[in-house]
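Topology and contacts: notes
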Protein chains: 2
Amino acid sequence: MNKRGIAILGSTGSIGVNTLRVVDAFRDDFTVVALAAGRNVRKLAEQCARYQPELVSVETEECAAELRAELARANVAAPPRLLHGEAGLVEVATHAGASCVVSATVGAVGFVPTLRALEAGKRVALANKETLVMAGELMTRAAEASGAELLPVDSEHNALHQCLRGERRAEVRRLVLTASGGPFRTKTHGEMERATVAEAMRHPTWEMGAKITIDSATLMNKGLEVVEARWLFGFEADQIDVLVHPESIVHSMIELVDGSVIAQLGVTDMRHAIQYALTYPERHPCQLPALDLTQMSALHFDAPDTERFPCLALAYRALRAGGTTPAALNAANETAVAAFLEERIRLTDIPRVIEHVLDGHESRPVTDLDAVLETDRAARLSASEEINALVSVIG
Amino acid sequence: MNKRGIAILGSTGSIGVNTLRVVDAFRDDFTVVALAAGRNVRKLAEQCARYQPELVSVETEECAAELRAELARANVAAPPRLLHGEAGLVEVATHAGASCVVSATVGAVGFVPTLRALEAGKRVALANKETLVMAGELMTRAAEASGAELLPVDSEHNALHQCLRGERRAEVRRLVLTASGGPFRTKTHGEMERATVAEAMRHPTWEMGAKITIDSATLMNKGLEVVEARWLFGFEADQIDVLVHPESIVHSMIELVDGSVIAQLGVTDMRHAIQYALTYPERHPCQLPALDLTQMSALHFDAPDTERFPCLALAYRALRAGGTTPAALNAANETAVAAFLEERIRLTDIPRVIEHVLDGHESRPVTDLDAVLETDRAARLSASEEINALVSVIG
C-alpha cells in the first residue's frame, strides 16, 4: 500500500507526540508531511530532523525565525517550508500530501484549520474537542459535503465509534460516556474550593495537557464530550449519559434497544485511539501491552454528582439550548480555566463564570463561521468581566 | 412482516420456558409451530393450550398417551399432532412451518435433531452446547452446506456473537469467555470434596437446570463453552481464554489485534440472548429492566484456577486432541454428573472419571454421525465402569 500522508496540528503536545510514536511503529504505512505547533521550537526542531516534513508552521513569526535558526544549527537536511499563525495552521491542515489530519491543538485555535481540512475532504483524526463543541453543525455539514471522515481520537469517543461499528443507529438506545471523576471525585465542595492548581493537575489515570486536566477536575471535560458525542454520532442530549468509572478501563459504552450493552475497554494509553483513527477501517497489530483485567482489583461505576460538579449540568444546558450556546460555553470555560491556572480564581469559580456567560448569552443558529467566532469573542469578554469582578471581591 | 414460525426442542426446560416468554412479548413477530419436551406432561399441556402448536413430541409413548388424555381433559381446541422419542424430536426440528428452531434439550439427546434442523436450512438458536462439543465439525459443515444460521443462545457465546458483529475475523486476537466461578469459586479442594448436591446446585448468578448447574460448579460448563466457541466462531484453542468474573455482568469479550477489547454486558436474564437469536440481525426494543451499573458494587476479574477446577484443563486437552475426543469428554462428563446427582460419587470425582475416559480414548476423525455416536456409547461405558470402581472403593 502507498504510505498515507499525515499532517499534525499540535505536534509537540501529548496527542501530537503520541501520534508520532504511532507513526514510528508503522513507518511502512505512514509518512509525516506537515507539522504545526505553538511555541515549543526545540521539540519541533527535533521532530523536523526526524520526520522531515515538507511543511511546518508555528504560532508566531518570531518562533518561525527561532526554528529556522535551530534547524540551521542542527544542520537539518532538506529543511521544511516554514509558516506561522492561523494561515500556517490552515496550510498544514490542507496540505495536498496529507490524506489524514490529526487535529490536536488545544482550545479554539484548531477550529478554522479543522474546518478547512474537512472541507478539503481529508480524514480528520480529532483530538480537539472544542472544535465540535463550538461548531459541530458546521463541521459535520462540511464533512458530509466533501465526504471527509471524522474519526475521534479521545478515548471515550473512539470507544463509542468502536462500539457502534456493527450496530444500526436506530437500534441504539443511548451512549454512555465514562468519566474517571478526576482528582476531586471523592472530595467535598469545601476541599474543591480550596484546591490549588497542583492538586487539580493530579489526574488519577491519564497524563494530559493542563487545560484538559483542569477540565477533567471540574467534569467540564465530560460535558464537552457529551456535546462532541452529539455531533460525532448524531444522538440527542437525552440519549447521552455519563457514568463515573474511576479506573478508566471501560472507555465508554452503548446500550441497545434490546437492553444489551456493548463496551470498549483498554489500557490508558492514547496511542491506541490514535492508531485506530489512523488505520480505520483496518486494525493493525499493536505491540503495546494488552489489557490484563486480572491485574485490576475491581471496576467501579457511579452516577456523576452534578451538585459538586455543576460544569457537567452546564454543558447539558448548553447542548439543549443549541445554536451558538455550546460555543459560548466553550469560550467561557477556556477563559475561566486560564484564570484558574494563573491562580486568579478558585476551581469552584469556573462554573460560576460559565453560568454568568450562559445567562447573558442569546442563542443564535450556527449559520456560518462568523456566528461562531462572534459568539466566541463575546463570551470571552463576558467571562473576563466576571473573572475581574470575582478577583476584585477575593482581592 | 410474516410471523416467524418457531419450534422448540426442550420447551418445558428453563430455556424453553423463557423462549415462550420472549414469544409472549412479540406475538406479532413470532408464532409457535412445534414443541418437544421430555416427561413434564402437565407443563407441556399448558403450553399446548396457550400456543396451539401444530406438532408436539414427548420422550416416551406413555408420556404421549398421558398428554393426549390431559389435553382431552382440558378440552384443548385443535389438539396438536403427537409424536415421541428421537423420531418425534427430529420431526419437530424439521417442521416445515418453522424457520427458527430453538435447540434447548439437555445433553446428547438434542444432537441428531439439531443436525437435521441445520441440514434443513433452519436458523438454529442453540442452547444445547453438547451438540457442538460432540460434533462441531459435522454441525458447522451442515450449516454451511444448507446456508443455515447457527445463533448461540447461552449468554457467553451470544455476547461473543454481538462483540464480533462489526469486526473482521483476521483482526480478532482472542475470545475471552467469562465464568461466574460457580458456588465453589472461593472454596478449598477439601470443601469441594465434601460438597453435597444441594451445595453444588447453589449457582451464584444464574438459575438453570441441574446438569448445567453442576457443570458450572466444576467449571466444565466453561470448558464445554470453549469447545463450543471454537466451532461457532472458528478460533483455535490458543485463541480462546477464560476469565472468572463473579458478577456475571460482562457476558464475554473479544480482544482485537490492536489491543482494543470489546465486551458485551447485560443483566443475567436469559431472555436477552434468546430474543437476540430470534430477532437477529435486528434488535427489537425490550421492556426488561436495563443494566444499571451504578447498582453494582464492583466488577471483578480473575484467572481461573485449573488446579481446583481440572475439568477446564480437560476440556482444553480434548479440544486440542480434536476429532472424537470432545465427544468422549462430553459423554464422560454427562455420565459422571448423573452419578454425582444420584450421590454415587463426589463432585471431585467428576474430573477423575473424565480423565480416565480421555486416557483410554483413541481420537478418530469425525467423519460422520456414527463415529460420534460410537464414541458417545464407548465413553459412557468407560465412565460407568470407572464410576462403579470408585463407588466400590468408597462403598
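Residues numbered from 1 in each chain as written. Chains lettered and ligands numbered in written order. Predicted model: local features only at pLDDT ≥ 70, side-chain atom pairs only at ≥ 80, totals over all residues. Heavy atoms only, no water.

1. Observations concerning empty space enclosed by the protein
The gaps of empty space that remain are located by a probe, the size of a water molecule, rolled over the atoms. For the coordinates displayed, the defined rule picks out 2 cavities of 30 Å³ or more. In this structure, the largest cavity occupies an estimated 120 Å³ of space. Mapped onto the lining of the largest cavity, the elements with two or more residues apiece are helix 7 (155–164), strand 11 (261–265) and helix 12 (271–279) of chain B. Within the lining of the largest cavity, the residues separate by chemical class into 6 nonpolar, 9 polar and 2 charged. Surrounding the second largest cavity, Gln162(A), Cys163(A), Arg165(A), Gly166(A), Glu167(A), Ile262(A), Gln162(B), Cys163(B), Arg165(B), Gly166(B), Glu167(B) and Ile262(B) form its lining. Counting only elements with at least two residues in the lining of the second largest cavity, the list comes to helix 7 (155–164) of chain A together with helix 7 of chain B. Broken down by class, the residue content of the lining of the second largest cavity amounts to 4 nonpolar, 4 polar and 4 charged. (1 Å grid on protein atoms, 1.4 Å probe; cavity = no way out; pocket = protein on both sides within 12 Å on 5 of 7 lines; lining within 4 Å. Points joined across faces, edges and corners; volume = space filled by probe spheres on them. Helix = DSSP H or I, 4+ residues; strand = E, 2+ residues; numbered from the N terminus. Nonpolar A, V, L, I, M, F, W, Y, C, P; charged D, E, K, R; others polar.)

2. Quick word on the sheet that holds strand 4 (residues 81–84) of chain A
Residues and elements named next belong to chain A. Read from one edge to the other, the open sheet built from 7 strands follows the order 4-3-2-1-5-6-7, with strand pairing classed as parallel. Looking at the sheet topology across the chains shown, the edges are occupied by strand 4 and strand 7 (150–152). Between one strand and the next, the sheet's axes are offset by a mean angle of 25 degrees, whatever the strand orientation. With 6 bridges joining them, strand 1 (residues 4–9) and strand 2 (residues 30–36) adopt parallel strand pairing. Looking at strand 2, one finds that Leu 9 is bridged to Ala 36. In this fold helix 12 (residues 271–279) packs onto strand 1, strand 2, strand 5 (100–103), strand 6 (123–126) and strand 7, with an angle of close to 170 degrees to the strand it touches most, strand 6. (Pairing = 2+ DSSP bridges. Axes fitted to C-alpha atoms, helices over the stretch in contact; angles between N-to-C directions. Contact = heavy atoms within 4.5 Å.)

3. Describing the domain arrangement of chain A
Residues and elements named next belong to chain A. When its domains are assigned, chain A resolves into domain 1 (4–153) and domain 2 (157–267 + 298–394). Distance between the C-alpha centres of domain 1 and domain 2: 25 Å. At the junction of the two partners, domain 1 supplies 24 residues and domain 2 supplies 27 residues. Between domain 1 and domain 2 lies a buried interface of about 2,000 Å² when both sides are counted; carbon and sulfur atoms form 69% of it. The largest per-residue losses of area from domain 1 upon contact with domain 2 belong to Lys 129, Val 133 and Pro 152, which jointly make up 33% of the total buried on that side. (Domains from an automatic or database assignment. Buried area = accessible area lost by both parts, 1.4 Å probe.)

4. Topic: the pattern of salt bridges
Applying the stated rule across the entire model yields 66 salt bridges over all chains. Between Glu167(B) and Arg283(A) there is a salt bridge, with the nearest N and O atoms lying 2.8 Å from each other. Here Glu167(B) is found in the loop between helix 7 and strand 8 (172–179), whereas its partner Arg283(A) is found in the loop between helix 12 and helix 13 (310–321) on a different chain. Note on accessibility: Glu167(B) and Arg283(A) belong to one class, buried. (Salt bridge = Lys/Arg side-chain N within 4 Å of Asp/Glu carboxyl O. Buried < 20%, exposed > 50% of the residue type's maximum accessible area, 1.4 Å probe, protein only.)

5. Re the sheet that holds strand 7 (residues 150–152) of chain B
Residue and element names in this part refer to chain B. Across the sheet, which stays open at both edges, the 7 strands sit in the order 4-3-2-1-5-6-7 with parallel pairing between neighbours. Every other strand in the sheet has two partners, leaving strand 4 (81–84) and strand 7 as the edge strands with one partner each. Between one strand and the next, the sheet's axes are offset by a mean angle of 25 degrees, whatever the strand orientation. Those strands touched by helix 2 (residues 41–51) are strand 2 (30–36) and strand 3 (55–58), and its axis lies near 175 degrees from that of strand 3.

6. With respect to the relation of the copies chain A and chain B
Copies of the same chain, two in number, are related to each other by a rotation about an axis and a translation along it. The two copies are related by a screw operation: chain A maps onto chain B through 180 degrees of rotation and 0.0 Å of translation along the axis, at an RMSD of 0.0 Å. Both copies are brought into coincidence by an operation consistent with a two-fold rotation axis. Scanning chain A for the C-alpha nearest the rotation axis identifies Gly166(A), at a separation of 1.8 Å. Mapped onto chain B, 100% of the interface residues of chain A again fall at the interface, so both copies present the same surface. (Least-squares fit on C-alpha atoms with pLDDT ≥ 70 in both.)

7. A look at the environment of Tyr51(A)
Residues and elements named next belong to chain A. Locating Tyr 51 in the fold gives a position in helix 2 (residues 41–51). Sequence-wise, Tyr 51 and Glu 144 are 93 residues apart; in three dimensions their C-alpha atoms are separated by 32 Å. With sequence-adjacent residues up to four places away left out, Tyr 51 is seen in contact with Leu 20, Val 23, Asp 24, Arg 27 and Val 32. There is a polar contact of 3.5 Å between the side chain of Tyr 51 and the backbone oxygen of Leu 20. (Polar contact = N/O pair within 3.5 Å; in protein donor to acceptor, adjacent residues only side chain to side chain.)

8. Some thoughts on helix 12 of chain B
Of all 9 residues in helix 12 of chain B, 9 are buried; the element is thus mostly enclosed. Every buried residue of helix 12 of chain B is accounted for by Arg271(B), His272(B), Ala273(B), Ile274(B), Gln275(B), Tyr276(B), Ala277(B), Leu278(B) and Thr279(B).

9. Some remarks on the nonpolar core
One finds Leu175(A), Ile350(A), Leu175(B) and Ile350(B) to be the most contacted residues of the largest nonpolar core, which totals 180 residues. Leave out the neighbours within four places in its chain, and Ile350(A) touches Ile214(A), Thr218(A), Cys311(A), Asn333(A), Ala336(A), Val337(A), Phe340(A) and Ile345(A). (Core = buried A, V, L, I, M, F, W, Y, C linked by side-chain atoms within 4.5 Å.)

10. As for the interface of chain A and chain B
The interface is formed by 41 residues belonging to chain A together with 41 residues belonging to chain B. Interface area for chain A against chain B, summed over the two sides, is near 3,400 Å², with a carbon-plus-sulfur share of 52%. Considering only the surface of chain A that becomes buried against chain B, Asp258(A), Arg283(A) and Phe301(A) emerge as the three largest contributors, covering 19% of it. The tally of links between chain A and chain B comes to 24 residue pairs in polar contact (both at pLDDT 80 or more).

11. Let's talk about the environment of Leu319(B)
Residues and elements named next belong to chain B. Note that Leu 319 resides in helix 13 (residues 310–321). The exposure class of Leu 319 is buried, given its relative accessible area of 11%. For the pair formed by Leu 319 and Asp 302, sequence separation is 17 residues and the distance between their alpha carbons is 23 Å.

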